[in-house]
Amino acid sequence: MTTTATNPNRIPDKFREAMSAFPSGVTLMTTTGADGEPRGFAASSFCSVSIDPALVLVCIGKTAQCHDAFVENDQWSIQIAGAAHVDLINRFSTKGADKFGGGEFVPDHRGVPILPDAAVLIECEAHARYDGGDHTILVARVIEIDLDDRPALLYFQREFRHLDHHDAGAF
Ligand SMILES: Cc1cc2nc3c(=O)[nH]c(=O)nc-3n(C[C@H](O)[C@H](O)[C@H](O)COP(=O)(O)O)c2cc1C
């Protein structure tokens, strides 16, 4: 453990490294733009906020091309990715990629793209948006949940990992 004073210029690098030491899952967050086209991005900043009402949050970078779509449209869907979704996550985290070109998503009853084989599918709508530095904090009210039996994917130290690995069992 290093506790020596950090040069302020090095905080962002050290911060990224610290965050990579915190295991998370990966979500694919989707909506539609003003033009009716699907929009989305990969996000590991997903977490629960409140049980009653059921609220979750995801932070989106203000420079993301899809940022304005999530500000202008209140209807969102959050899918927790499974082990089969590594290629999809890579596409969803690549600016300018044809994210929906693979045909994995279908529109739900609101027209929001959903991933039918997600580990967990959360239909949600905007509850609040807050400034979060270079990100916008999107707080979502949960409307419907679809749970699948497939385990979620893990993201740890900038690598995707799967839960059935020999050293990934429960204590
Ligand atoms: C595992 C992983 C997690 C990510 N988590 C977030 C996140 O929580 N918030 C965010 O804004 N970008 C996150 N990103 C980066 C975005 O997915 C990426 O910048 C995306 O291309 C932004 O959308 P755009 O293509 O519309 O610009 C993550 C990328 C990866 C690979």
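Along each chain, residues carry numbers from 1 onward, in the same order as the chain's sequence is written. Per-residue local features are limited, in this predicted model, to residues with pLDDT of at least 70; the limit for side-chain atom pairs, both in listing and counting, is 80 or more; totals at the level of whole chains, interfaces and linings are taken over all residues. Side-chain numbers come from the whole structure's heavy atoms, not from hydrogens or water.

A.B. asks: So what exactly am I meant to see when it comes to the side chain of Ser77 here?
C.D. replies: If you trace the backbone, Ser77 turns up in strand 5 (residues 75–80). Counting of polar contacts relies on pairs of N or O atoms within 3.5 Å, with two restrictions inside protein: one atom must be capable of donating a hydrogen and the other of accepting it, and residues adjacent in sequence are counted only when both atoms are side-chain atoms. A polar contact is formed between the side chain of Ser77 and the side chain of Gln79, at a distance of 3.3 Å. Only heavy atoms enter the contact rule, under which two residues are in contact if any of them lie within 4.5 Å. Ser77 has contacts with Leu28, Met29, Thr30, Arg110, Val112, Pro113, Ile114, Leu121, Ile122 and Cys124, leaving out every residue within four places of it along the chain. The numbering of helices and of strands both runs from the N terminus, where a helix is a DSSP run of H or I of at least 4 residues and a strand a run of E of at least 2.

A.B. asks: What exactly am I supposed to notice about the site of the ligand here?
C.D. replies: Within the structure, the ligand sits among 19 residues, and Ala42, Ser45, Gly61, Lys95 and Lys99 are positioned closest to it. Interatomic distance of 2.8 Å between a backbone N/O atom of Gly61 and an oxygen atom of the ligand. Interatomic distance of 2.6 Å between a side-chain N/O atom of Lys99 and an oxygen atom of the ligand. Note that accessible areas follow from Shrake-Rupley with a 1.4 Å probe, and for residues the cover is restricted to the protein chains shown. Against a free-state accessible area of 620 Å², the protein chains account for coverage of 82% of the ligand. Among the secondary structure elements, those contributing two or more residues to the shell around the ligand are strand 2 (38–43) and strand 4 (55–61). Under this grouping Gly is polar, as are all residues other than the nonpolar Ala, Val, Leu, Ile, Met, Phe, Trp, Tyr, Cys and Pro and the charged Asp, Glu, Lys and Arg. Each residue belonging to the shell around the ligand can be placed in one class, and the counts come to 10 nonpolar, 7 polar and 2 charged. Throughout this document, a residue counts as near a molecule or strand when at least one of its heavy atoms sits within 4 Å of that molecule or strand.

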